[in-house]
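The primary structure of each chain is shown beneath.
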2 protein chains.
Amino acid sequence: MSKEVASSVGLEWRINVSDGTSQVLKPTECRPALSKIWLWLKGLLGGLIVVVRRFLETAWSIAVAEPRKVVHGLKLGLAISLVSLLYYIGPLFKGFGGNASLWAVMTVVVIYESNVGATLCKCINRTAATFLAGGLGLGIHWVADHAGEKAEPVILGISVFLFASAATFSRFMPMVKARFDYGAMIFVLTFSLISVSGYREEMLLKFAGSRLSSIATGVSICILIIVLICPIWAGSELHRLIHQNMEKLADSLDACVAEYFKEDGKTTDSKEDQDYNKKMQGYKCVLNSKAAEESLANSARWEPSHGMFNFGHPWKQYLKIGASMRNCACCIETLTSCLSSEIQAPTCIRNHVRDVSIRLCSHSTSVLKELATTIKTMTKSSTIDILVAEMNFAVQELQNALNSLPSQFIPPELMTVEGSADAKGECATESGMPPLLEVLPLVTAVSLLIEIAVRIGGVVDAVEDLASLAEFKPARDHKRPQQDKTKP
Amino acid sequence: MSKEVASSVGLEWRINVSDGTSQVLKPTECRPALSKIWLWLKGLLGGLIVVVRRFLETAWSIAVAEPRKVVHGLKLGLAISLVSLLYYIGPLFKGFGGNASLWAVMTVVVIYESNVGATLCKCINRTAATFLAGGLGLGIHWVADHAGEKAEPVILGISVFLFASAATFSRFMPMVKARFDYGAMIFVLTFSLISVSGYREEMLLKFAGSRLSSIATGVSICILIIVLICPIWAGSELHRLIHQNMEKLADSLDACVAEYFKEDGKTTDSKEDQDYNKKMQGYKCVLNSKAAEESLANSARWEPSHGMFNFGHPWKQYLKIGASMRNCACCIETLTSCLSSEIQAPTCIRNHVRDVSIRLCSHSTSVLKELATTIKTMTKSSTIDILVAEMNFAVQELQNALNSLPSQFIPPELMTVEGSADAKGECATESGMPPLLEVLPLVTAVSLLIEIAVRIGGVVDAVEDLASLAEFKPARDHKRPQQDKTKP
């Protein structure tokens, strides 16, 4: 309407362009509906292409970074193909019956998990729950059968209702949740299927038998493939996660302290800066890996002996080590806020604690790295006691350095009275700020460093418990290479 | 052998009992094998009874604490019973076919989850994946059918291998993992079943149709029951978790600071002590709830409007609030180590910062509690700005108190020179320890309190973002009841 008015009166809209002239704005023409739909479709298609492309790019980057994830996918393909053979090849197919083969394929797809432990857990759960529910279902069916035609559906209905409810409720219990969650579901499933189907068909035993045999086929093919071809063991993963996190923790502590005490004039290029930032963020991995650790530990306890680990390896102790590392990581997280503090302590006070702080940090990281090596190689460290003693000595040194600080806190009005104070006057009077507030972040940082050393003691204890529980071998004397490297 | 020697020579073993006399230790007789087995069985049975009893006790305590978990179990029982009706009642049964009814029961058991969102997620995943895989399977089957008898199994085999591998690999991608993990599994399952069964049976369309109709039946019954009878919404759970955690954080901060500055003479009874300890541990809940928050937020985004929440409620913002709370909790965790420090600051210095620290803490907890109320009632707070200003003012006050401290740090040898220092000499010379080390935990604790206040600022920002994203209503003026209560 307004457009029509504008064109009939001869009005025109102009805008000023950057070169000083002005241009007429022409009203857009009313595109036909088809063209609009075409544009919309083009937009949709374009969006779809972008999404698919991004999806493929992510997939490619994951595949390149961890090829074993691709292998994992291929292994499932292989397992299904093998099970399908049961169906393709005539004689086998006749032996099993159509449905049974479908059950076998379903078993493979459903129990196939990202690591051996989780798959075994599901296998055992599925098998045990199927047996249990099958037995119970047959028993109740027998009772119902003998109770008369009228009572039969009532007995079956009530039993399904009660057992399904109870089993579902039990999944809320921590112990069941951690180990038998899948089993409880399969129990409900099998029990319901047997009760429901049993009422109509009089071939319960055959049904149960074919289900069991098909599950056995699926389970055995699945286990064979997952264990024999590039297995991913939950235990090894947990082991790796823990020692890698410990190294990250050490790097993170190192980077934080170096960043805090770095000299102002020093410049770094942007790539180095990025590496540095990445290192510094390592503590976040430690803080966030609780769920992964617990799930891996839950899976690992189902795994048989593999590599360096026996069945019954103390996986729970890894969780304790993880918890003690998170304790440290929490302190480092708090330490990072000292980094961003705008208040800077006077240079002379900074220098006073700088070297000894860096030394404490380097001893602390040495201890962490030695612990990481201990876990990685599963050998008792011959130098850990010395390293811990050195760390404790550094704590003592830092405390001594703090003790010798107070003479620098003298308020300016006192400075003139005492000669010895005069010499240090440049520190206290450098800025107009009162001294304690000025050194507050520094004192806090130093105090946190000491606390971190104390908490590293906790990590040492947890790792030593692991070493004795898992009977680590004593190390040969080849140690202390990284200790020399990290010395300031 | 040795026993025989001992009895033949007349040796006897004695032990001293508590009343001073000694008793002869008689060698145990060789029990017959049956009796041993009986004992072993008795032990086994006893152990079993203990385990079952403990299991039932845990179940009972969970049921009493959260009756809706029992209701959740009963709901599944009801859903299965309803689906079973399809089987019991003749006409319906004939319409569906035996297998279809089994599929319906299976669908109910498998998609039934602990909250509405997770169930809907599985429903939608299952339905969409079944359609997608069904269509694809039929298409490939058609291609294979027209490719000749020899090429058919090859094409089917290769396609199953490739699609199953690709879908399994895609489950490693974070986006798929978070939303479509179950869908990817069902895709593999359905596609394999169709390809495998399709080779033998020439009733693919009927198979697919019956599978879809049975899934639809199972899904609709499951959704009806889970939504209509005492629904547990993931969104509401997340909402509750967040504001409860915020209250726990406030209580925990309160308890920590009260514990740190409590007067030595004050005694508390053991029940009060227990409550206190429980309150103090609240920050651990916050630190440990990351996984729960993420899983609830993932489920919540599938839920339709319910209660106070619309579809598209900014659930992701809750994760940000959770992260900012964990930041605070980390600081409180570090603060707790100051509690256990053996070094105590001189009483006069403690008293100097005590009141103002407690004031800061009370203002901080007021802010947290106000934020918890904001989230709980979903109304914008009218007082939060004042509370934050008061908290910041308390930070300033605490910094001022620290500023006025330095004159108490004068080393003893300087004390005699200046009259004003003499008055405070009792503080610095109270023990033989040098002052800074003595006040180190106190200064650290105070510094952490200030840092906690800064981080609470982050929580305030996150909650305000939520308030604007979710368009919280402005509150009516009924506020500040809890603020008055928490004032010292």
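Predicted, not measured: the structure shown is a model, and the values here were computed from it.

**Some details on a nonpolar patch on the surface**
Residue and element names in this part refer to chain A.
- There is a patch of nonpolar side chains on the surface, built from Leu78, Leu82, Leu85, Leu224, Leu228 and Ile229 and spanning about 500 Å² of accessible area.
- Of all the secondary-structure elements, those providing two or more residues to the nonpolar patch are helix 3 (67-88) and helix 10 (204-228).
- In terms of residues, the nonpolar patch owes the most to one element, helix 3, which gives three residues.
- As for its placement among the helices and strands, Ile229 is situated in the loop between helix 10 and helix 11 (234-260).
- Judged by relative accessible area, Ile229 falls into the partly exposed class, the value being 32%.

**Details of the environment of Val439 of chain B**
- Topologically, Val439 of chain B is positioned in helix 21 (residues 435-469).
- For the pair Val439 of chain B and Arg211 of chain B, spaced 228 residues apart in the sequence, the C-alpha separation amounts to 73 Å.

**A look at helix 14 (residues 290-300) of chain A**
Residue and element names in this part refer to chain A.
- Regarding helix 14, the residues found buried are Glu293, Leu296, Ala297, Ser299 and Ala300. Looking down the long axis of helix 14, one finds its buried residues gathered within 160 degrees of arc, a one-sided arrangement.
- Residues of helix 14 that are buried make contact with helix 6 (116-146), helix 11 and helix 15 (315-339).

**Brief notes about the UniProt feature "transmembrane region" (unreviewed entry) in chain A**
Residue and element names in this part refer to chain A.
- The positions that UniProt labels "transmembrane region" (unreviewed entry) are, in the present scheme, residues 37-56, 70-89, 95-112, 124-142, 154-173, 180-200 and 212-234.
- Helix makes up 100% of residues 124-142 and strand 0%, whereas the separation of the span's terminal C-alpha atoms amounts to 27 Å.
- Between the end C-alpha atoms of residues 154-173 there is a gap of 29 Å, over a span that is 85% helix and 0% strand.

**A word on the nonpolar core**
- Met246 of chain A together with Met246 of chain B are the most contacted members of the largest nonpolar core, which totals 142 residues.
- Discounting residues that sit within four places of it in the chain, Met246 of chain A has contacts with Ile321, Met325, Leu368, Leu371, Ala372, Ile375, Val459 and Val463 of chain A.
- Listed in part, the 78 residues of the second largest apolar core include Leu86 and Val160 of chain A together with Ala129 and Leu189 of chain B.

**Thoughts on the packing of aromatic side chains**
Residue and element names in this part refer to chain A.
- Inspection of the entire model under this criterion finds 14 aromatic pairs over all chains.
- Between the aromatic rings of Trp315 and Tyr318, the centroid separation amounts to 5.3 Å while the plane-to-plane angle is 35 degrees, which identifies the pairing as tilted. Here Trp315 pairs with Tyr318, and both are found in helix 15, just three residues apart, close to one helical turn. The burial state of Trp315 is the same as that of Tyr318; both residues are buried.

**Considerations on the pattern of salt bridges**
- Following the criterion strictly, the structure yields 30 salt bridges over all chains and no others.
- With a closest N to O distance of 3.3 Å, Glu293 of chain A and Arg326 of chain A form a salt bridge. Placement of Glu293 of chain A in helix 14 and of Arg326 of chain A in helix 15 is noted, with a sequence separation of 33 residues between them. Each member of the pair, Glu293 of chain A together with Arg326 of chain A, is buried.
- A salt bridge links Glu237 of chain B to Arg240 of chain B, with the shortest nitrogen-to-oxygen separation between them at 3.3 Å. Highlighted residues: Glu237 of chain B and Arg240 of chain B, both in helix 11 (residues 234-260), separated by three residues, approximately one helical turn.
- On the basis of relative accessibility, which here comes to 34%, the residue Arg240 of chain B falls in the partly exposed class.
- Residues participating in the shared-partner salt-bridge network are Glu66, Arg68, Lys69, Glu237 and Arg240 of chain A.

**Some words on unusual backbone geometry**
Residues and elements named next belong to chain A.
- In this model, Met378 sits at a positive phi of 55 degrees, which is unusual for a non-glycine residue.
- By the secondary structure assignment, Met378 is in the loop between helix 16 (347-377) and strand 3 (379-380).
- A residue is classified by how much of its surface remains accessible, and Met378, at 8% relative accessible area, is buried.
- Within the chain, Glu471 stands out as a residue other than glycine whose phi angle is a positive 50 degrees.

**Side note on the side chain of Ser84 of chain B**
Residues and elements named next belong to chain B.
- Within the secondary structure layout, Ser84 lies in helix 3 (residues 67-88).
- Note on Ser84: relative accessible area 3%, which makes it buried.
- From its side chain, Ser84 meets the backbone oxygen of Ile80 in a polar contact 2.7 Å long.

**Here we look at the packing of helix 16 (residues 347-377) of chain B against helix 17 (residues 384-403) of chain B**
All names here are of chain B.
- Between helix 16 and helix 17, whose axes approach to 9 Å, the crossing angle comes to 160 degrees. Classified by the interaxial angle, the pair formed by helix 16 and helix 17 is roughly antiparallel. The chirality of how helix 16 crosses helix 17 is left-handed. For the pair formed by helix 16 and helix 17, the contact residues are His352, Val353, Val356, Ser357, Arg359, Leu360, His363, Ser364, Ser366, Val367, Glu370 and Leu371 on the first element and Ile384, Leu387, Val388, Glu390, Met391, Ala394, Val395, Glu397, Leu398, Ala401 and Leu402 on the second.

Cut-offs and rules
- Residues numbered from 1 in each chain as written.
- Chains lettered and ligands numbered in written order.
- Predicted model: local features only at pLDDT ≥ 70, side-chain atom pairs only at ≥ 80, totals over all residues.
- Heavy atoms only, no water.
- Patch = residues over 30% accessible without salt bridge, like charges linked within 9 Å, V, L, I, M, F, W, Y side chains within 5 Å.
- Areas by Shrake-Rupley, 256 points an atom, 1.4 Å probe, with all protein chains shown as cover.
- Salt bridge = Lys/Arg side-chain N within 4 Å of Asp/Glu carboxyl O.
- Helix = DSSP H or I, 4+ residues; strand = E, 2+ residues; numbered from the N terminus.
- Buried < 20%, exposed > 50% of the residue type's maximum accessible area, 1.4 Å probe, protein only.
- Arc of directions from axis to C-beta.
- Contact = heavy atoms within 4.5 Å.
- UniProt positions renumbered as here; feature names shortened; annotations may be inferred.
- Core = buried A, V, L, I, M, F, W, Y, C linked by side-chain atoms within 4.5 Å.
- Phe/Tyr/Trp six-rings, centres within 6.5 Å; stacked < 30°, edge-to-face > 60°.
- Polar contact = N/O pair within 3.5 Å; in protein donor to acceptor, adjacent residues only side chain to side chain.
- Axes fitted to C-alpha atoms, helices over the stretch in contact; angles between N-to-C directions.
- Parallel < 35°, antiparallel > 145°, perpendicular 65-115°, else oblique.
- Left-handed = near helix turned anticlockwise from the far one by under 90°.

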